[in-house]
Amino acid sequence: MATTRKLVVEIAEAHNLLPKDGTGTSSPYVRVDFDGQRRKTRTVPRDLNPTWNEALEFNLIGGGGTTDAVGEPLEVSVFHDVRVGPSRRNCFLGRVSLDSRHFVRKGEEALMDFPLEKKSFFGWVRGEIGLKVYYVDELVPEPEPAPAPAPEQNATNTEAPEAPEDPPQISNPPPPPPEAPAEAEPEAPSPASVPVSVEKPTDVPESSPHAQPENETKGTENAEADSIEPSVPEPNADTHPPPPEPKWVPPPRQVTRPPGRAPEMVETSKYDLVDKMPYLFVRVVRARCLPSDTKPHVRITAYGRHVSTNEARRGAFLEWDQTFAFSRDPSNDSSTMEISVWDLPPHSNTVDAEERQFLGGLCFDIAEIPMRDPPDSALATQWYRLEGSGIRRRGDLMLATWIGTQADASFAEAWKADAPPTHASARSKVYLSPKLWYLRLTVIEAQDTLTAPPPRESGISVRAVHGFQVLKTRAAVNRNGGPLWNEDLIFVAAEPFEDERLVLSLEIRHGKEIVVVGSAGIPLSSVERRVDDRKVASRWLDLIPNDEIKKGNRKGAAGSLHGGRLHVRVCLDGGYHVADEPPNASSDFRPSARQIWRPPVGMVELGLIGCKGLLPMRTVDGKGSTDAYAVAKYGPKWARTRTVADCFDPAWNEQYTWPVYDPCTVLTIGVFDDPPLSDPSKDSPSISRPLGKVRIRISTLEAGRIYRGCYPLIMMLPTGAKQMGMIELAIRFAPAGPTLDLLGVYGKPMLPLMHYVHPIHALQRDNLRLTAARLTATSLARSEPPLRREVATWMLDATDPRGFSMRKVRANWHRIVSALSWVANMVRWIEYTRTWRNPTTTLLVHAVVVLLAWYPELIVPTLALYIAVVGVWKYRQRLRGPVPHPCARASLAEITDREELDEEFDPMPSIKTAEVVRSRYDRARTVGVQGADDIR
């Protein structure tokens, strides 16, 4: 069934509107315009804080498509109804313009307050309006088949055919209203009527102008009504019914970008940041006319490499539809490529002379294979007759072969000749992190839980469980005989929410004994979403008693128990950014709710060229081996390159793009060793071991400039810092708008507004980040092919926490001292000037002081000139390229002794003896005392 997409605008309420009727009030109504369609709400008489709670529907052009293609803005205007409260003043109360960024899928909407804007510079409006905007997909019923035409009457029949009944007379349409002056607004509906949706009259034919919905389009009703006249077919006319009148179709519109909206970010695949790698592509599709008792497969030999397809799927043909990519060697283009069909197991190496095993083959001269380069279309497949077999009826093989590059559309899913044969997930893939939300649970109170008061030493608390997250409230305070908490518990929830539940349990603790009074569950799909700090509606939950309580067990210490009720408030906070990365290396600061995202300010393009000089990670057949691949992460998008087998200098030459919403973010690239599939006979599964990590700050990149270079891969091991190799990258940042728009982002707060209005406690932030990282790693591990859990947690710095690190303490202290070095330099310069260390400088300073004392109006220009000169001087000395992180010198990884490294890699809790732990504690106290003395 086909679907159509509708845009739904829920008009909830407005606050603090301007009075317009001369008595201190207004009678407002709302008019919504979208893509040539207009809807209106009812009028609320004499109310400056009206409430409508009406839903208005609009048709989206392009039905089942995405809302990003909609370029028309949504205009929401508020007017005063002059029929309820006559006024000579302008009846305009304000308007709001929304673009497609605010259109979300049903279920993701949230009530948002938008400040009303004025029409002109000299206008005066105030107040705000609460809206919900979302779209829904509705099924379109299939049209009923047209009735069969009636058989033509015989010519000898002299009776006249029965004339159809006359259609109802159509009254003259009302004359169009007179054109209002520029400041006057259209007449509003009466307060009693609600013209939100108009049903089509059942007694009006389809061709009648009254069949057109009342608010479908603006300015078309009268014109259509004037052009249609009722007519009655003549009695002697043809008995076939007249064709129906064509339904009115709106004229095509020109989609324009609304004012103030950033241009669309179009991702390109030019592959201009990496080197082109030529490949020989072979696509094997199907075969026909082969013996029916065979299980054929195809073997391909090119450039000294041998590959084989899977066993064919039987149907009308023998199907494979597999693509292979061989690294092209230009010096060996004079060789041939052999394609043969065999009736052997795909990976069998046995040689049998029987003719029934060899079903035929083909030979291609590689020098004559055509070349294809995007944007060329895909090469068409052809049938080829198999040669060389002893079968009487030779079969045919459909395939296509061409020479292309890694920019070819077939490259991503093709089998690569340099891929390890034992890796099932060696292809390049792009992954997306799950959308994370903060789930806020406010436990208020409980009622009817105890028929008798518990002992004084007992504690009543609520235990909340969501997945692997378990939180517990503090002991309740009794108020009027009932427990009271008013405590917030925050969880991390990942979409989708269909099968997720939040389970609450009321517990009474008496000594070491815990008694569960009752439990209740809340489906997350029924939880309200919010984007600000408004209070959502609370709810009462009926607690279901525990089975042991139902049987009458465990009485006495806890008193008489039964289920009772629990008063809670639960919501999904979409105004927060759910962080799964450390704050110093975050790649995204957007909130969970899409409605309040900022437009992108640019795009970053990354070219993963390859690595050089990697160290061996394991031993295979007595020699070192490394199967390397790279992972890049920015925002919710992860990019994984293919795995290059047994190579210390792998070349990937893959290019990826990400939209940038904030330049003060970090792009993270990691290199890993892809282990072979784990042997079931071994107890320990194989894991991907990291080879190093590089972080690049987007703010250090110049617009439009390409940075290409090699960066060291440094790993901190128990033996010290070790360079595992070099990675070659190419990176470019392309802004989406003017430079001033990009500079304006630096003046805005980094985190969403809710982090400052209602901040989360510092003790909770780290636990929430680790929980979010665990949810992200679990979701990526369920993909196909999976991104390993250990890879995601290492990229997010969410591995097992290490112990105290004296190296990090000293490195952070040096960073603080370096950041405040200008203060020490200024104090030193003032001391040198005061003591006449440099007499020339002292004389000039005294002259400037006297001049400023004589002309105080020059103080501000002098300071501005000084700051500008210093800024220009510092700008000339800036670094010309991005600084990779980590830096071995800044992190003091080069001068760390063995004792500090042993302390840093000591797990929590420590496995060292008590004497070693005591000595390390005393050393930490000594460092703290020295730091306090330095501050004094």
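Residues numbered from 1 in each chain as written. Predicted model: local features only at pLDDT ≥ 70, side-chain atom pairs only at ≥ 80, totals over all residues. Heavy atoms only, no water.

(A) The arrangement of the overall build of the chain in detail. A count of helices and strands for the chain gives 12 helices and 41 strands. A buried classification covers 41% of the 936 residues belonging to the chain. Long-range contacts, defined here as pairs at least 24 residues apart, represent 72% of the contacts in the chain between residues at least 6 apart. When the accessible surface of the chain is totalled, it reaches about 52,700 Å², and 55% of it is carbon and sulfur. (Helix = DSSP H or I, 4+ residues; strand = E, 2+ residues; numbered from the N terminus. Buried < 20%, exposed > 50% of the residue type's maximum accessible area, 1.4 Å probe, protein only. Contact = heavy atoms within 4.5 Å. Areas by Shrake-Rupley, 256 points an atom, 1.4 Å probe, with all protein chains shown as cover.)

(B) Summary view of the environment of Pro-786. Looking at where Pro-786 falls in the secondary structure, it is placed in the loop between α5 (762-781) and α6 (789-795). For Pro-786, a relative accessible area of 31% puts it in the partly exposed group. A C-alpha to C-alpha distance of 9.5 Å links Pro-786 and Lys-429, two positions 357 residues apart in sequence.

(C) Looking closely at the state of the cysteines. Enumeration over the complete set of coordinates arrives at 0 disulfides. Cys-647 carries a free sulfur, and the closest cysteine sulfur to it, the one in Cys-611, is 9.6 Å from it. Cysteine Cys-710 remains unbridged, with the sulfur of Cys-611 as its closest cysteine sulfur at 9.1 Å. Relative accessible area serves as the criterion here: at 36%, Cys-710 is assigned to the partly exposed category. (Disulfide = S-S within 2.5 Å.)

(D) Broad picture of the packing of aromatic side chains. According to the stated counting rule, one finds 18 aromatic pairs in the structure shown. Aromatic side chains Phe-364 and Tyr-384 sit 5.4 Å apart centroid to centroid with 80° between the ring planes, which places their arrangement in the edge-to-face category. Highlighted residues: Phe-364 in strand β16 (residues 358-365) and Tyr-384 in strand β17 (residues 382-385), separated in sequence by 20 residues. Residue class for Phe-364 comes out buried when judged on its relative accessible area of 13%. By relative accessible area, Tyr-384 is classed as partly exposed at 24%. Ring geometry for Tyr-656 against Trp-658: centres 6.4 Å apart, planes inclined by 45°, an arrangement best described as tilted. Each member of the aromatic cluster is reached from another via a ring pair, and the members are Tyr-279, Phe-281, Trp-402 and Phe-411. Against the face of Trp-658 rests Lys-637, its NZ or CZ located 5.5 Å from the ring centre. (Phe/Tyr/Trp six-rings, centres within 6.5 Å; stacked < 30°, edge-to-face > 60°. Lys NZ or Arg CZ within 6 Å of the ring centre and 35° of its normal.)

(E) Highlighting the side chain of Arg-530. Relative to the helices and strands, Arg-530 is located in strand β28 (residues 528-530). Separated by 2.6 Å, the side chain of Arg-530 and the backbone oxygen of Arg-534 make a polar contact. Leave out the neighbours within four places in its chain, and Arg-530 touches Ala-110, Arg-440, Lys-535, Val-536, Cys-571, Leu-572, Asp-573, Gly-574 and Gly-575. (Polar contact = N/O pair within 3.5 Å; in protein donor to acceptor, adjacent residues only side chain to side chain.)

(F) Just the sheet that holds strand β38 (residues 666-673), in detail. Spatially, 5 strands are ordered β20-β36-β35-β38-β39 in an open sheet, and the strand pairing comes out antiparallel. Strands with a single pairing partner mark the edges of an open sheet, and in this sheet they are β20 (429-432) and β39 (689-697). Going from strand to strand, the sheet's axes swing by 20° on average, the running direction of each strand aside. Pairing of strand β35 (residues 628-634) with strand β36 (residues 637-640) involves 4 bridges; the strand directions are antiparallel. Looking at the pairing, Tyr-634 lines up with Lys-637 of β36. (Pairing = 2+ DSSP bridges. Axes fitted to C-alpha atoms, helices over the stretch in contact; angles between N-to-C directions.)

(G) Structural context of the packing of helix α8 (residues 821-834) against helix α9 (residues 839-854). The contact between α8 and α9 brings their axes to 8 Å, and the two run at 95°. Here α9 runs roughly perpendicular to α8, going by the angle between their axes. On the side of α8, the interface is formed by Trp-829, Tyr-832 and Thr-833, while α9 contributes Thr-841, Thr-842 and Val-845. Classifying every residue of the contact of α8 with α9 by side-chain character gives 3 nonpolar, 3 polar and no charged. (Parallel < 35°, antiparallel > 145°, perpendicular 65-115°, else oblique. Nonpolar A, V, L, I, M, F, W, Y, C, P; charged D, E, K, R; others polar.)

(H) Just the pattern of salt bridges, in detail. Counted by the stated rule, this structure contains 41 salt bridges. Residue Arg-440 is joined to Asp-488 by a salt bridge in which the shortest nitrogen-to-oxygen separation is 3.3 Å. A residue pair is termed long-range when its members are at least 10 positions apart, and Arg-440 in strand β21 (residues 436-447) and Asp-488 in strand β25 (residues 482-494) qualify at 48 residues. Owing to a relative accessible area of 32%, Asp-488 belongs among the partly exposed residues under this scheme. Note that Lys-612 is salt-bridged to Glu-728, the shortest N-O span being 3.9 Å. (Salt bridge = Lys/Arg side-chain N within 4 Å of Asp/Glu carboxyl O.)

(I) How the structure looks around the nonpolar core. In terms of nonpolar packing, the biggest core is built from 60 residues, with Ile-11, Leu-74, Ile-129, Leu-441 and Leu-502 touching the most fellow members. Tallying contributions element by element places β21 first for this core, with 5 residues. Those residues in contact with Ile-129 that lie beyond four places of it in its chain are Ile-11, Glu-13, Ala-14, Val-30, Val-76, Val-78, Val-96, Met-112, Asp-113, Phe-114 and Leu-116. Cys-611, Val-631, Phe-672 and Ala-777 belong to the second largest nonpolar core, which has 51 residues in total. (Core = buried A, V, L, I, M, F, W, Y, C linked by side-chain atoms within 4.5 Å.)

(J) Spotlight on the confidence of the model for the chain. Per-chain confidence: the chain averages 79 in pLDDT, with 77% of residues scoring 70 or above. The model gives residues 552-561 a pLDDT under 50, and that stretch makes 20 contacts with residues more than four places away or in other chains. (pLDDT = per-residue confidence, 0-100.)

(K) Up close: the sheet that holds strand β41 (residues 720-735). Strand order in the open sheet formed by 4 strands is β37-β32-β41-β40, and the pairing between neighbours is antiparallel. A strand with exactly one partner marks an edge of an open sheet, and here the two such strands are β37 (651-660) and β40 (706-717). For this sheet, the mean inter-axis angle between neighbouring strands, taken without regard to orientation, is 30°. Across 10 bridges, the pairing between strand β32 (residues 602-612) and β41 is antiparallel. Paired with Val-604 across the bridge in β41 is Phe-733.

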